[in-house]
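Residue strings, one per chain:
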Amino acid sequence: MDNKSRIKIYEVDTEVISNNYINNDYKHLILRAPSRALDIVPGQFFHLQCPTFEGSISFLRRPMSVYQFSKKEKQIEFLYKLHGKGTRAISNLKKNNIFNIVGPLGKGFLLEENYKNIVLIARGVGLATLAPLGNLAFEKGINLTVICSARSKEHLMSIDLFNSLSNKVITVTDNDGSSSMVNLELLINNLMLSQSVDAFFTCGSNRILKLLKKLCGLNNIPGQIALEQQMACGIGMCFCCVRPFEIGNKIIQKRVCNEGPVFRISEALPW
Amino acid sequence: MVDLRINIGDIILKNPIMPASGTFSEDLASVFDIDLLGAHVAKTITTEIRSGNATPRVSESGYNMLNSIGIPSKGIEDFKKNILPIYKEYNTPFIASVSAPSADGFAYICDKISVPGVDAIEINISCPNIEDDGKAFAMRPNSTFKVIEKVRSITNIPIWAKLTPNTGEIMEVAKAAQDAGANALVVANTILAMQIDIKTYKPSLGNIMGGLSGPGLKPIVLRMVYQCSKVVDIPIIGCGGISNFEDVIEFILAGSSAVQVGTATFINPCVMLSILSGIKGYCEENKVSKISDLIGLVDDKNTPDTFALMEIDI
Ligand SMILES: Cc1cc2nc3c(=O)[nH]c(=O)nc-3n(C[C@H](O)[C@H](O)[C@H](O)COP(=O)(O)OP(=O)(O)OC[C@H]3O[C@@H](n4cnc5c(N)ncnc54)[C@H](O)[C@@H]3O)c2cc1C
Ligand SMILES: Cc1cc2nc3c(=O)[nH]c(=O)nc-3n(C[C@H](O)[C@H](O)[C@H](O)COP(=O)(O)O)c2cc1C
Ligand code: FES
């Protein structure tokens, strides 16, 4: 790739518009960002510089998928789970604070021209990654089915967003047992009986990956998954973020930040 | 106009700022024009195909990071076919970096990559010497000497010896590298370190131990650059924790001719550009017309030499 045709990555200061709780564990961060940094493909992520918070330092940046974005409004949004010190520091950001982000990073989801019916399967925070793909599919007039899985009804998020993009939003939870792999398999098999499916898209969950590897394989349907790994540079230089993939009969290490975070389900390996 | 040019032996750098091996790739060209850098330094390669260490390969500790990447390598042919051509498009010296488990191994790979387009070879001797007791070559003067001498006998391309801070004999090692024919020293690699998660009792890295890099390294490596500059005449390239232009000026005053920036680029991908404009500004403000005039200007006149060179007796 020559220098000029490279996709640009920007390091930019953004301004916090809001940073509100969605439920006990998740927050929704909305930022005002320069529009040059907002040519984003769904599935891409940014590398966020956590502020110091109560004396605790988060030295490395934190990777976070783009949840929503609008070049016109100069806005970018993240949906994040309070996990450790970095995300806690981010949760302390207040309106008008300046927040430094690097991106867009990585390779996003690919919607092939011939896709007419796609299925998104989102578990937990994975729906943050899949949400912008929902928007894009909607814009392209692709028929969208969304299966949202969470611990309980209270933990289901963004149902309203998905309902505005699709008339087939199915929710399953651990509490009523509907999110079990047996049930999910049944659900997907029934779906494939009632309509055609051109591709599956998912994120993060090991159990869902195993299930989809099986179903994609059996039915010869392609699938894509966004994966996570600890990162340092986020742009492909350090090889911190590798995961193993099966390509042909070989196990190959690929960088999640650079070759991913979106990979083919057929190549991704459960962990 | 400030003259930022620096000579490392016969190689002329347009400025003293270059990336550190393993913390740079052509991917950085997505962030800024990497032709603005003084040199391009590639990730270390080995003759053997290696997949690298288990994950997690990274963790953070204060303002530093630990890594245990483990030198994944696709080998010599991949380097020639896929890496080298990328850098031929730039007007910037290209420095390869190699590692091997023995002196002969180093000579073999250096011979193979002594090809047009490689302006110098960094000899990463911070790796274990498997023919001896597994300690890194650069921990001791004699193993350093053997590697550099072997490599020197096989290639005419300039060789830069990259030293390790994990030694009590930095000056002897530096001298050995010079005596064996190194054209420059890179001081230094990461400090061996570890970290334990107090919830799980597990080491933070899959490999248990790893290399510490980042700002915490800076004063330690600065001291080593200073010590080395007292015993060698070849140029020294400082490397360790450099995050801003002030750090660079400090390293130059301590005796570095140029510097390498690693971890700081992970935190701020444009940092080498800000450093460049920072050193220009510093020179203008302080009426320094040639940055090379600052090399080794640390004012240590009132200190007896014996004191300056002492190991740890403070
Ligand atoms: C491409 C990508 C997209 C992501 N998108 C989202 C998202 O949209 N919403 C969300 O809530 N989370 C997302 N994550 C996970 C998020 O990066 C981690 O939850 C976060 O880094 C945790 O940081 P911490 O300091 O709170 O936790 P700590 O456990 O204190 O973090 C310690 C170190 O481990 C790293 N780390 C911990 N968990 C993860 C993880 N799951 N993935 C990668 N690095 C990790 C941290 O970055 C940090 O370097 C994404 C991860 C990746 C790789
Ligand atoms: C992720 C990572 C990978 C590295 N890989 C190499 C390598 O392949 N070869 C090498 O000589 N040094 C390697 N280093 C060491 C750096 O080149 C540099 O010497 C060290 O990080 C200190 O500089 P810094 O504090 O500016 O990062 C690596 C460092 C890091 C953080
Ligand atoms: S995080 Fe550095 S290569 Fe992926």
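An account of the overall build of chain B is needed here, citing residue identities and associated values.
From N to C terminus, chain B includes nine helices and 14 strands. Radius of gyration (C-alpha) of chain B: 19 Å, near the 20 Å computed for a compact globule of 314 residues. Each of the three principal axes of chain B carries a C-alpha extent, and together these read 50 × 50 × 40 Å. Burial statistics for chain B: of 314 residues in total, 52% are counted as buried. Contacts in chain B between residues at least 24 apart in sequence constitute 69% of all its contacts with a sequence separation of at least 6.

Hey, could you go over the nonpolar core for me, with residue numbers and the actual values?
Ile123, Trp160, Leu185 and Val187 of chain B are the most contacted members of the largest nonpolar core, which totals 182 residues. When residues are assigned to domains, this core turns out to be shared by domain 1 (3-105) and domain 2 (117-264) of chain A, each giving three or more. Ile123 of chain B has contacts with Val98, Phe106, Val147, Ile148, Val151, Ile159, Trp160, Ala161 and Lys162 of chain B, leaving out every residue within four places of it along the chain.

Tell me about helix α3 (residues 141-154) of chain B, and name the residues and values.
For α3 of chain B, built from 14 residues, the straight-helix expectation of 20 Å at 1.5 Å per residue is met to within 8% by its first-to-last C-alpha distance of 20 Å. Buried residues belonging to α3 of chain B abut α2 (103-112), β8 (120-124), β9 (159-163) and α4 (170-179) of chain B.

A description of the packing of helix α6 (residues 245-254) of chain B against helix α8 (residues 271-285) of chain B should follow, citing residues and the corresponding values.
Residue and element names in this part refer to chain B. Between α6 and α8, whose axes approach to 8 Å, the crossing angle comes to 65°. Relative to α8, α6 is oriented so that their crossing is right-handed. Residues Phe245, Val248 and Ile249 of α6 pack against Ile275, Gly278, Ile279 and Tyr282 of α8. Residue composition of the contact of α6 with α8, grouped by class: six nonpolar, one polar and no charged.

Would you mind going over the site of ligand 1 in detail, with residue names and values included?
As a structural note, the neighbourhood of ligand 1 is formed by 26 residues, with Ser65, Tyr80, Gly84, Gly86 and Thr87 of chain A the closest of them. Ligand 1 sits at the junction of chains A and B, each of which supplies nearby residues. Sorting the residues of the shell around ligand 1 by element identifies β4 (62-65), β6 (75-81), α1 (85-91) and α2 (126-139) of chain A as the ones contributing at least two each. When grouped by side-chain class, the residues that make up the shell around ligand 1 number twelve nonpolar, nine polar and five charged. Each of domain 1 (3-105) and domain 2 (117-264) of chain A gives at least three residues to the shell around ligand 1.

A description of the sheet that holds strand β8 (residues 117-123) of chain A should follow, citing residues and the corresponding values.
Residues and elements named next belong to chain A. If you walk across this open sheet you meet the six strands as β10-β9-β8-β11-β12-β15, and the pairing is mixed. Because the sheet does not close on itself, it has two edges, and the strands there are β10 (168-173) and β15 (262-264). Strand-to-strand twist in this sheet, taken as the mean axis angle between neighbours without regard to direction, amounts to 20°. Where β8 meets strand β11 (residues 199-203), four bridges bridge the pair, whose relative direction is parallel. Directly across from Ile121, in β11, lies its bridge partner Thr202.

How would you summarise the domain arrangement of chain A if you had to cite specific residues and measurements?
Residue and element names in this part refer to chain A. Domain boundaries assigned for chain A yield domain 1 (3-105) and domain 2 (117-264). Computed over C-alpha atoms, the centres of domain 1 and domain 2 are 22 Å apart. The interface of domain 1 with domain 2 comprises 20 residues on the first partner and 18 residues on the second. Going through the elements one at a time, β3 (45-48), β4, β5 (68-70), β6 and β7 (98-105) are the ones with two or more residues in the side of domain 1 that touches domain 2.

Break down the interface of chain B and chain A for me, citing the residues and quoting the values.
The parts lose accessible area when they come together, and the size of an interface is often stated as this lost area. Each partner contributes to the interface: chain B provides 30 residues, whereas chain A provides 25 residues. When residues of the side of chain B that touches chain A are traced back to their parent elements, those giving at least two are β5 (58-61), β6 (64-67) and α7 (263-267) of chain B. Here the side of chain B that touches chain A takes three residues from β6 of chain B, the largest share from any one element. Its residues assigned to classes, the side of chain B that touches chain A shows 14 nonpolar, twelve polar and four charged.

Kindly report on α4 of chain B, identifying the contributing residues and their values.
Since one α-helical turn is 3.6 residues long, residues separated by three or four positions face the same way. Residue and element names in this part refer to chain B. All buried positions along α4 are accounted for by Ile170, Val173, Ala174, Ala176, Ala177 and Gln178. On its buried face, α4 sits against α3, β9, β10 (184-187) and α5 (218-231). One or two residues past the end of α4 sits Gly181, with phi positive at roughly 115°.

Outline the site of ligand 2, listing residues and values.
Close contacts around ligand 2 come from 27 residues, with Ala20, Gly22, Ser213, Gly262 and Thr263 of chain B the closest. Chain contributions to the surroundings of ligand 2 come from chains A and B. Its residues assigned to classes, the shell around ligand 2 comprises ten nonpolar, 15 polar and two charged.

An account of the sheet that holds strand β4 (residues 40-45) of chain B is needed here, citing residue identities and associated values.
Residue and element names in this part refer to chain B. Taken in spatial order, the eight strands of this open sheet run β3-β14-β13-β10-β9-β8-β7-β4, and their pairing is parallel. Among the strands making up the open sheet, the edge pair consists of β3 (17-19) and β4. Taken over all neighbouring pairs, the strand axes of this sheet differ in orientation by 25° on average, direction set aside. Of the strand pairs in this sheet, β10 and strand β13 (residues 236-239) are connected by three bridges, and their pairing is parallel. Paired with Val187 across the bridge in β13 is Gly238.

Analysis parameters
- Residues numbered from 1 in each chain as written.
- Chains lettered and ligands numbered in written order.
- Predicted model: local features only at pLDDT ≥ 70, side-chain atom pairs only at ≥ 80, totals over all residues.
- Helix = DSSP H or I, 4+ residues; strand = E, 2+ residues; numbered from the N terminus.
- Rg over C-alpha atoms; globule rule 2.2 N^0.38 Å.
- Buried ≥ 20, exposed ≤ 12 C-beta atoms within 10 Å, placed from the backbone.
- Contact = placed C-beta atoms within 7 Å.
- Core = buried A, V, L, I, M, F, W, Y, C linked by C-beta atoms within 7 Å.
- Domains from an automatic or database assignment.
- Expected span 1.5 Å × (residues − 1).
- Axes fitted to C-alpha atoms, helices over the stretch in contact; angles between N-to-C directions.
- Left-handed = near helix turned anticlockwise from the far one by under 90°.
- Nonpolar A, V, L, I, M, F, W, Y, C, P; charged D, E, K, R; others polar.
- Near = placed C-beta within 6 Å.
- Pairing = 2+ DSSP bridges.

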